[in-house]
Amino acid sequence: MNIKHLLATCLAATAFFTACKDSPNTTDPNPIDQKGSLYSVWATTEKGSYILTTSSLMKDTLLSPKENKGIDITSHMPAAFYAIYAYNHHGKFYLSNDGKRFSQFEVINGSQWKETNALSFANPFFMGKVLDNISTAEELVLTKTAGTTNKEKNVLEQPIYYMNTRDMSINKTLNVEIPMIKYIPKQANGENDDPYIVPTSMTVRGDKLFVGHKYRSHITKLDIIDTAYVYVCDYPSLANGKIIKDPRGGFTAGHWEINKTTFLDDNNDLYVMTRRTNSSNYGLLRIKNGEISFDPNYFFDLKDYNVFKNSSSLIQKLGAGKAYISPYVLDPANKKVIADLRILIGGGESRTTMNFMENGKLYDVFKTDESKWYVFEYNPETNTVKRGAQIDPGVNTVYHVNKLR
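These figures come from a predicted structure and were not determined experimentally. Here the residue numbering is sequential within each chain, running from 1 through the sequence in written order. Confidence filtering applies because this is a predicted model: local features only for residues at pLDDT of at least 70, side-chain atom pairs given and counted only at 80 or more, and all residues used for totals across whole chains, interfaces and linings. Excluding hydrogens and water, the side-chain figures rest on all heavy atoms present in the structure.

Chemist: So what about the nonpolar core? Which residues, and what values?
Modeler: Put simply, a nonpolar core is a bunch of buried Ala, Val, Leu, Ile, Met, Phe, Trp, Tyr and Cys residues held in one set by side-chain atoms that sit within 4.5 Å of each other. Throughout this description, buried means an accessible area under 20% of the type-specific maximum (1.4 Å probe, protein chains only), exposed means over 50%, and partly exposed covers the range between. Of all hydrophobic cores here, the largest spans 23 residues; its most connected members are Leu-131, Ile-160, Val-176, Ile-178, Leu-209, Val-211 and Tyr-215. Note on conventions: DSSP H or I runs of at least 4 residues are helices, E runs of at least 2 residues are strands, and numbering of each starts at the N terminus. Of all the secondary-structure elements, those providing two or more residues to this core are strand S12 (155-164), strand S13 (170-179), strand S14 (195-205), strand S15 (208-217) and strand S16 (223-234). Looking at which element gives the most residues to this core, the answer is S16, with five residues. The contact definition used throughout considers only heavy atoms, calling two residues in contact when any of these lie within 4.5 Å. With residues up to four places along the chain from it excluded, the contact list for Tyr-215 reads Pro-179, Met-180, Ile-181, Pro-195, Tyr-196, Ile-197, Leu-222, Asp-223, Ile-224, Ile-225 and Tyr-229. Tyr-82, Leu-95, Phe-126 and Tyr-399 belong to the second largest nonpolar core, which has 20 residues in total.

Chemist: Residues and numbers for the sheet that holds strand S17 (residues 242-246), please.
Modeler: Note: two strands are recorded as paired if DSSP finds a minimum of 2 bridges between them. Taken together, the four strands give an open sheet; going across it, the order is S14-S15-S16-S17, and neighbouring strands pair in antiparallel fashion. Either end of the sheet is taken by a strand with one partner, and the two such strands are S14 and S17. Neighbour-to-neighbour, the strand axes of this sheet turn through a mean angle of 30°, independent of strand direction. Here S15 runs beside S16; their pairing, made up of eight bridges, is antiparallel. By the bridge assignment for S16, Gly-212 is matched with Val-230. Interaxial angles span 0 to 180 degrees and are taken between N-to-C directions of axes, which are lines fitted to C-alpha atoms, for helices over the stretch in contact.

Chemist: Give a description of the sheet that holds strand S7 (residues 102-108) that names residues and reports values.
Modeler: In space, the four strands of this open sheet follow the order S5-S6-S7-S8, with antiparallel pairing throughout. Edge positions in the sheet fall to strand S5 (86-89) and strand S8 (112-119), since each of these pairs with one other strand and no more. Averaged over all neighbouring strand pairs, the angle between strand axes comes to 25°, with direction disregarded. Where strand S6 (residues 92-95) meets S7, three bridges bridge the pair, whose relative direction is antiparallel. Directly across from Leu-95, in S7, lies its bridge partner Ser-103.

Chemist: So what's going on with the pairing of strand S24 (residues 322-325)? Residues and values would help.
Modeler: Side chains of S24 alternate between two faces, with Lys-322 and Tyr-324 and Ala-323 and Ile-325 buried alike. Here strand S23 (residues 316-319) runs beside S24; their pairing, made up of three bridges, is antiparallel. Note on S24: the bridge partner recorded for Lys-317 is Ala-323. Hairpin connection between S23 and S24: a loop of two residues separates the two successive antiparallel strands, and Ala-320 in this loop has a positive phi of roughly 55°.

Chemist: How would you sum up the pattern of salt bridges? Please name residues and give values.
Modeler: What makes a salt bridge here is a side-chain nitrogen of Lys or Arg within 4 Å of a carboxyl oxygen of Asp or Glu, nothing more. One pass over the full model with this rule turns up 17 salt bridges. Asp-223 serves as the salt-bridge partner of Arg-216, at 2.8 Å between the closest nitrogen and oxygen. Here Asp-246 ties to Arg-248 by a salt bridge, and the two come within 2.8 Å at their closest N and O atoms. If you follow the salt bridges from partner to partner, you end up with Lys-214, Arg-216 and Asp-223 in one network.

Chemist: So, the pairing of strand S25 (residues 328-331): which residues are in play, and what are the values?
Modeler: For a regular strand, the rule is simple: side chains alternate between the two faces of the sheet. Residues Tyr-328 and Leu-330 line one face of S25 and the alternating positions Val-329 and Asp-331 line the opposite face, and both faces are buried. Where S24 and S25 come together, three bridges link them in antiparallel fashion. Paired with Ala-323 across the strands is Leu-330, a residue of S25. The antiparallel hairpin formed by S24 and S25 contains two residues in its connecting segment. Where S25 meets strand S26 (residues 336-340), four bridges bridge the pair, whose relative direction is antiparallel. If you follow Tyr-328 over to S26, its bridge partner there is Asp-340. With antiparallel pairing between neighbouring strands as the criterion, S25 and S26 make up a hairpin whose turn holds four residues, including Lys-335 at a positive phi of roughly 55°.

Chemist: Can you explain the packing of aromatic side chains? Please cite residues and give values.
Modeler: Pairing of aromatic side chains requires ring centres within 6.5 Å, counting the rings of Phe and Tyr and the six-membered ring of Trp. Pairs whose planes differ by under 30 degrees are stacked, by over 60 edge-to-face, and all others tilted. All chains considered together, the criterion is met by 23 aromatic pairs. Ring centres of Phe-125 and Tyr-161 lie 5.9 Å apart, and the angle between their planes is 70°; this geometry places the pair in the edge-to-face category. Here Phe-125, found in the loop between S8 and strand S9 (127-130), pairs with Tyr-161, found in strand S12; they are 36 residues apart in sequence, far enough to count as distant. Judged by relative accessible area, which is 11%, Tyr-161 ranks as buried. Here the aromatic residues Trp-42, Tyr-82, Phe-93, Phe-105, Trp-113 and Tyr-399 are joined through ring pairs into a cluster of three or more. Charge-over-ring placement is defined geometrically: NZ (Lys) or CZ (Arg) within 6 Å of the ring centre, and within 35 degrees of the ring normal. The aromatic ring of Tyr-162 is capped on one face by Lys-172, whose charged end is 4.5 Å from the ring centroid. Cation over ring: Arg-387 sits above Tyr-374, and NZ or CZ is 4.4 Å from the ring centre.

This is the structure we're talking about:
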């Protein structure tokens, strides 16, 4: 199935746009309801980085750092870190800052940015994966981006932190030991390479922990080895660990980003996104519910779909057997592409690092073919979209869209 095949099924969904205005009203002059819902869009311009707040993402309004309640957060993180070392959890932002201070921030009164807690680790800390399916409002379960290679054991020691969100204390730490490969890969010139492990996903399913990982070269700083590796062990004891691998995929996609590259479907089957090195060839592997090995009868080849072309957004489970892997809506179990949201919105590209679900609907930000930025709401039940708030055309990137309360 390709984009041409999707076009016929998607054209009807664009009809509603005939009733839409070409441009939104001016910025909303009304103050934000301090007790109602509050949403945020993290955007950047050439001058800086801003949190734009609104009481509704679907208002016909313009979200702008110039006139809206834009909060300037430029000084809190280096620009290169916006997409990969920041996370929003239950309405609070968690920032790695410069690697020396891990902070919790809140938006106060819709217009003020306040650090409410901070934690200093003994060694440099940059936020890694978030185990969102076992995190709670009171406890954020996360990793750091770089573990420690123990050459004596020939393993990567990767800590998982269970952090109390009330005071940012560490409730407990688990240390996963991922075995290194037992051979030395070669460089293109025939010389020995020097590989190291990068965990790219972490998922707890019942009493098992699954850690997708890949190998990078200390010498070339590039990804190596086109095989999907996942480490499986008991949880929370971390006993009985073993490596499973599958040559049909590539490495389990991802690197330092907090973006999520695995998901559990309604049947509790675990899907793992993989990518071939030095290419845009993606695919999905599956570990069925109750199993601890790859399903030999399942591979969803996505080589014709350049997912994440302009986005490194989280893979979102939509429910009813559907998942969103930007910009596509998929039926993974039946290996079908249901919709291309670029077609549904009338042309454009998803540009977010983090989107979210509310009341069964997906909210994402697209830059249209006319170079205008809008929030769009996608309804998986009806396979339709609605256009919401416009974002200042002066922005050059949108990283996160979140609900703060």
